[in-house]
Amino acid sequence: MSGTTPPVFLVDRLPAGETTVLDGDEARHAATVRRLRPGETLVLTDGAGELAECVVDTVRPGRDATLGLTVGRRWHEARPEPQVVLAQGLIKGDRGELAVELATEAGVDAVLPWQASRSIARWDDGPRGDKALARWRATARAAAKQARRGRLPEVSPPVGTAGLADRVRAAAAALVLDATADTRLADAELPRSGELVLVVGPEGGITADELRTLTEAGARPVRLGPTVLRASTAGAVALGALGAITDRWS
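None of the values given here were measured: they were computed from a predicted structure.

## Side note on the domain arrangement of the protein
- Splitting the protein by domain gives domain 1 (8-76) and domain 2 (83-245).
- One C-alpha centre belongs to domain 1, the other to domain 2, and the line joining them spans 32 Å.
- Both faces considered, domain 1 and domain 2 share a buried interface measuring about 800 Å² in area, 51% of it formed by carbon and sulfur atoms.
- On the domain 1 side of the interface with domain 2, the three residues burying the most area are Val8, Leu10 and Gly47, jointly 57% of the side's total.
- Linking domain 1 with domain 2 are 1 salt bridge.
- A salt bridge links Glu26 to Lys145; the nearest nitrogen and oxygen atoms lie 2.8 Å apart.
- The tally of links from domain 1 across to domain 2 stands at 6 residue pairs in polar contact (both at pLDDT 80 or more).

Laid out in structure tokens, this is it:
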């Protein structure tokens, strides 16, 4: 639900002066897709928490589109605490990208693709795996802009279960979504700060060996509710719950 908030456009760095020019792909999107006109407002962000509200002065549409902008107020978007890292089991087709899109809109701070035992999708080393990772990153970028976020979630290269266990050990806490767990997410003890790893398995679920490895590394199995969610939506639902029961949305 975007309401009437100004659209967000990503730049390498925020302008230092009172005026600037937006060009490249972002300008083409602003002029052609958003059809922004002089007098309208937009927001520039570097994707790392720095934002600036700008008024459009001029618009030159076309292939080499540019927008002349007057820079207004600037502000900093702090990182939410705790910072949630979604360890998303690889899932087939575009459902993996859907998982990233929904989690980004729900506020995830980072995404760690996980090559689980039951993952049908396989990200092989080389061009095929690079393309899959690039799609997840592009999805996160687009979803962050749609959600009017000032911070882009980092999408890391994929890891196996051993790599995921290392991330769990280094985190302040880690939760594994498991529909059979005795503890509800709402009842789990959560850190006030630091990194919280949220593990979502693939379509076939997490194996007993994987669950044992992750729990030995410090993760705790939790369940969301009475129903079983798709691998593509579970992360976003859990992020919504975490936003309500922690200070992340305060």
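## Digging into the environment of Leu98
- Its place among the elements puts Leu98 in helix H2 (residues 95-105).
- Residues Leu98 and Glu53, spaced 45 residues apart in sequence, show a C-alpha to C-alpha distance of 29 Å.

## Quick look at the sheet that holds strand E4 (residues 50-60)
- With mixed pairing, the 5 strands of this open sheet are ordered in space as E1-E3-E4-E5-E2. If you trace the sheet from one side to the other, it starts and ends with strand E1 (8-10) and strand E2 (19-22), each paired once. When strand polarity is set aside, the average angle formed by the axes of neighbouring strands in this sheet is 40 degrees.
- Pairing of strand E3 (residues 41-45) with E4 involves 5 bridges; the strand directions are antiparallel. What sits directly across from Val43, in E4, is Glu53.

## A word on the pattern of salt bridges
- With the rule as written, the count across this model stands at 10 salt bridges.
- A salt bridge links Asp247 to Arg192; its shortest N-O distance comes to 3.2 Å. With a gap of 55 residues between them, Asp247 in the segment after helix H6 (234-245) and Arg192 in the loop between strand E9 (173-177) and strand E10 (195-200) connect regions that are remote in the sequence.
- The class of Asp247 is partly exposed, set by a relative accessible area of 41%.
- We classify Arg192 as exposed; its relative accessible area is 68%.

## Here's the deal with the nonpolar core
- Among the nonpolar cores identified, the biggest contains 29 residues, and Trp136, Leu175, Leu177 and Leu198 are the most heavily contacted of them.
- Where this core is concerned, the elements lending two or more residues are strand E6 (83-89), H2, helix H3 (127-146), E9, E10 and H6.
- Beyond its immediate chain neighbours, meaning those up to four positions away, Leu175 contacts Leu185, Ala188, Leu190, Leu196, Val197, Leu198, Val199, Arg220 and Val222.

## Focus: the packing of aromatic side chains
- According to the stated counting rule, one finds 1 aromatic pair in the structure shown.
- For the ring pair Trp123 and Trp136, a centre distance of 4.8 Å and an interplane angle of 80 degrees mean the geometry is edge-to-face. Highlighted residues: Trp123 in the loop between strand E7 (110-114) and H3 and Trp136 in helix H3, separated in sequence by 13 residues.
- For Trp136, a relative accessible area of 4% gives the class buried.

About the thresholds
Residues numbered from 1 in each chain as written. Predicted model: local features only at pLDDT ≥ 70, side-chain atom pairs only at ≥ 80, totals over all residues. Heavy atoms only, no water. Domains from an automatic or database assignment. Buried area = accessible area lost by both parts, 1.4 Å probe. Salt bridge = Lys/Arg side-chain N within 4 Å of Asp/Glu carboxyl O. Polar contact = N/O pair within 3.5 Å; in protein donor to acceptor, adjacent residues only side chain to side chain. Helix = DSSP H or I, 4+ residues; strand = E, 2+ residues; numbered from the N terminus. Pairing = 2+ DSSP bridges. Axes fitted to C-alpha atoms, helices over the stretch in contact; angles between N-to-C directions. Buried < 20%, exposed > 50% of the residue type's maximum accessible area, 1.4 Å probe, protein only. Core = buried A, V, L, I, M, F, W, Y, C linked by side-chain atoms within 4.5 Å. Contact = heavy atoms within 4.5 Å. Phe/Tyr/Trp six-rings, centres within 6.5 Å; stacked < 30°, edge-to-face > 60°.

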